[in-house]
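Letter by letter, the chains look like this.
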Amino acid sequence: SNHRDIAMDPALLNFALHETGHGLVEIAIGDNLLDDPLIADIMRLNRSFVVPRSVEGHKARLLALTRLSDYIGHTLTHGRSIWIAQREGRAKDGLDRTDPALIKMLFIHWRKRGFSLSDAIRSLRIVPVAIAYEYDPCDLLKARELLASEGGGYVKQAGEDINSLLEGIAGQKGRVHIACGTPLTGSFADATAVAAAIDRQIHSTYRLFPSNILACERLLDEASPDALPLPVRVADLRQLMDHLRRDWERFEPGGMIRHATLFGQRLAGQSEKLRDLMLAMYANPVFSRLPANTAK
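All of the points below concern the structure found in this document.

What counts, and at which threshold
Residues numbered from 1 in each chain as written. Predicted model: local features only at pLDDT ≥ 70, side-chain atom pairs only at ≥ 80, totals over all residues. Heavy atoms only, no water. Helix = DSSP H or I, 4+ residues; strand = E, 2+ residues; numbered from the N terminus. Rg over C-alpha atoms; globule rule 2.2 N^0.38 Å. Buried < 20%, exposed > 50% of the residue type's maximum accessible area, 1.4 Å probe, protein only. Areas by Shrake-Rupley, 256 points an atom, 1.4 Å probe, with all protein chains shown as cover. Lys, Arg positive; Asp, Glu negative; His and termini not counted. Charge placed at Lys NZ, Arg CZ, Asp CG, Glu CD. Patch = residues over 30% accessible without salt bridge, like charges linked within 9 Å, V, L, I, M, F, W, Y side chains within 5 Å. Salt bridge = Lys/Arg side-chain N within 4 Å of Asp/Glu carboxyl O. Core = buried A, V, L, I, M, F, W, Y, C linked by side-chain atoms within 4.5 Å. Contact = heavy atoms within 4.5 Å. Pairing = 2+ DSSP bridges. Axes fitted to C-alpha atoms, helices over the stretch in contact; angles between N-to-C directions. Parallel < 35°, antiparallel > 145°, perpendicular 65-115°, else oblique. Left-handed = near helix turned anticlockwise from the far one by under 90°. Nonpolar A, V, L, I, M, F, W, Y, C, P; charged D, E, K, R; others polar. Phe/Tyr/Trp six-rings, centres within 6.5 Å; stacked < 30°, edge-to-face > 60°.

1. Brief notes about the overall build of the protein chain
Helix and strand content of the protein chain: 12 helices and five strands. Its C-alpha atoms give the protein chain a radius of gyration of 20 Å, within 12% of the compact-globule value 19 Å for 296 residues. Here the C-alpha coordinates of the protein chain stretch approximately 55 × 45 × 40 Å along the principal axes. Burial statistics for the protein chain: of 296 residues in total, 47% are counted as buried. Accessible surface for the protein chain amounts to roughly 14,800 Å². Of this, 55% is attributable to carbon and sulfur atoms. Across the protein chain, the mean location of the 37 positive side-chain charges is 5 Å away from that of the 36 negative side-chain charges.

2. Side note on a nonpolar patch on the surface
On the surface, L38, L166 and I169 cluster together into a nonpolar patch covering about 230 Å² of accessible area. Tracing the chain through its elements places I169 in helix α7 (residues 160–170). Residue class for I169 comes out partly exposed when judged on its relative accessible area of 36%.

3. Let's talk about unusual backbone geometry
If you check the backbone angles, R125 has positive phi at about 50° while not being a glycine. Within the secondary structure, R125 is located in the loop between α5 (117–124) and β4 (129–133).

4. A few points about the nonpolar core
I121, L184, V194, L237, F263 and V286 are the most contacted members of the largest nonpolar core, which has 60 residues in total. At 10 residues, helix α12 (residues 272–289) tops the list of elements feeding residues into this core. Excluding its chain neighbours within four sequence positions, the residues that come into contact with V286 are L208, N212, I213, C216, L237, L240, M241 and L244. Listed in part, the 14 residues of the second largest apolar core include A7, L17, I39 and L165.

5. A look at the pairing of β4
With respect to burial, β4 is a largely interior element, five of its five residues being buried. By the bridge criterion, five bridges tie β4 to strand β5 (residues 176–180) in an arrangement that is antiparallel. The partner of Y133 across the bridge, within β5, is V176.

6. Brief notes about the pattern of salt bridges
In the structure shown here, the tally under the stated rule is 19 salt bridges. In this structure, D276 and R275 form a salt bridge, with 3.1 Å as the shortest nitrogen-oxygen distance. With a relative accessible area of 28%, D276 lands in the partly exposed category. One salt-bridge network, held together by shared partners, links E134, R175, E252 and R258.

7. Notes on the packing of helix α4 (residues 100–111) against helix α8 (residues 191–205)
Packing of α4 against α8 brings their axes to within 8 Å, and their N-to-C directions diverge by 115°. Judged by the inter-axis angle, α4 sits roughly perpendicular to α8. Crossing of α4 over α8 shows right-handed handedness. Of the residues in α8, those touching α4 at P100, I103 and K104 are A191, T192, V194, A195 and I198. Its residues assigned to classes, the contact of α4 with α8 comprises six nonpolar, one polar and one charged.

8. A word on the packing of aromatic side chains
Any two aromatic rings considered together are summarised by their centre-to-centre distance and by the angle between their planes. Scanning all chains against the criterion turns up five aromatic pairs. Considering the side-chain rings of W110 and F115, the 5.2 Å spacing of their centres and the 70° angle between planes classify their relative orientation as edge-to-face. The exposure class assigned to W110 is buried, which follows from its relative accessible area of 7%. Where F209 meets W248, the ring centres are 5.9 Å apart and the plane angle is 35°; that geometry is what we call tilted. Of this pair, F209 sits in the loop between α8 and α9 (210–222) while W248 sits in helix α10 (residues 234–251), placing them 39 residues apart in sequence. Accessibility assignment for this pair places F209 and W248 in one class, buried. Aromatic rings pair up to connect F209, W248 and F251 into one cluster.

Right, here's the structure in full:
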């Protein structure tokens, strides 16, 4: 799954699965989230198991990842499902990209049993999931972290995770959309090819809300093609946005005007740099919908 919110992404997926009569998923969380007792309790309520992030040393890390892969393989072979983010941490910039290292970790269990990569992928039955929030309650918090990271040496402060978790749970999200894709099949040359197949489903099924369209339009109006977050053809991007805008106007007449006001209020009072980071955060899912090519 793409990853926007610490607790709500898998919680909302489990809610949707429960409402439609399906079994719930177990949820992979980083061991960094266990430092705070409140977060640890919330994650336990969320049917979680731990992904080692803080293990040091090559041998110790390999052993930890092997155990993780074996646990996931055991869980799946006993008819239960797991949710795991497509890369470590939330995509704070809105660019959803699967880390091939995640695929390599999943493959460890099956490789020991003589499976090829393609056979393992078919056995894993990976279902790409795209979760989209109309408004991200943590957008300003994420933009501030991105801005601090640009200077290098960013160190997360005590309490940041709990603040993000609570804001993500309680903050206004507008509409939320979850799209479950189809299990991966076919032949794959390597983990990078598997990651690309996951990304294609996530990008194509991600629900683009008025906030995404408005952010993209504003970036196009204010930035040169060379400054755009991803290398896409501007004419293709404008055509996509016109199509999306017409669809929303048919679905919600006059809604784009109302959302332009709401979205403007989120940006009001922020520095130019923070505003640009927030715009890119909402616009990048639109950019990702198009194949990468040379911007013109």
